[in-house]
Amino acid sequence: MQKLYSKTEFIQYNDPDDFFDPEQEYGNYITQCIAKERDFIRELIRSTSAEAGTILTEELIEEMVQQKREDINKLTGSAIEDYIEKISVTYIDPVSECNQKYLVIRWLCRLWKFIKSLFGR
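Residues numbered from 1 in each chain as written. Predicted model: local features only at pLDDT ≥ 70, side-chain atom pairs only at ≥ 80, totals over all residues. Heavy atoms only, no water.

### Considerations on the pattern of salt bridges
The full count for this structure, using the stated rule, is six salt bridges. Taking the shortest distance from any N to any O, the salt bridge between Arg42 and Glu62 comes out at 2.6 Å. Note that Arg42 is positioned in helix H2 (residues 24-51) and Glu62 in helix H3 (residues 58-76), a separation of 20 residues in sequence. The class of Arg42 is buried, set by a relative accessible area of 14%. Overall, the relative accessible area of 28% leaves Glu62 in the partly exposed class. Between Glu58 and Arg46 there is a salt bridge; the shortest N-O distance is 2.6 Å. One end of the pair, Glu58, is in helix H3; the other, Arg46, is in helix H2, and 12 residues separate them in sequence. Classification of Arg46 by relative accessible area gives partly exposed; the value is 26%. Among the charged side chains, a salt-bridge network with shared partners connects Arg38, Asp39, Arg42 and Glu62. (Salt bridge = Lys/Arg side-chain N within 4 Å of Asp/Glu carboxyl O. Helix = DSSP H or I, 4+ residues; strand = E, 2+ residues; numbered from the N terminus. Buried < 20%, exposed > 50% of the residue type's maximum accessible area, 1.4 Å probe, protein only.)

Now the structure itself:
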């Protein structure tokens, strides 16, 4: 929950030529937090079982991770829904930045923004 609530402001670029998904930025963030939580639980199970001298199969570890996630969800209840209500998303239209007189310059600007978006995530 600390990781989840550590970021409550998001910036989402809205390119009119692309499909616009209003949940894209914070949805990705929530998914990342859940994945990190699963990884943490998985590593905790592995280290605890190794300290106890118990060897667990990957299948059993994954079942235990899933069970622990279900237990956590029961305790936290609507934490993700509460989190979504607290966030703010700023929408920016990047096309105006690339609104140049010449077609080649507009195309290069949009290409550059696309390349930056690939490496910015």
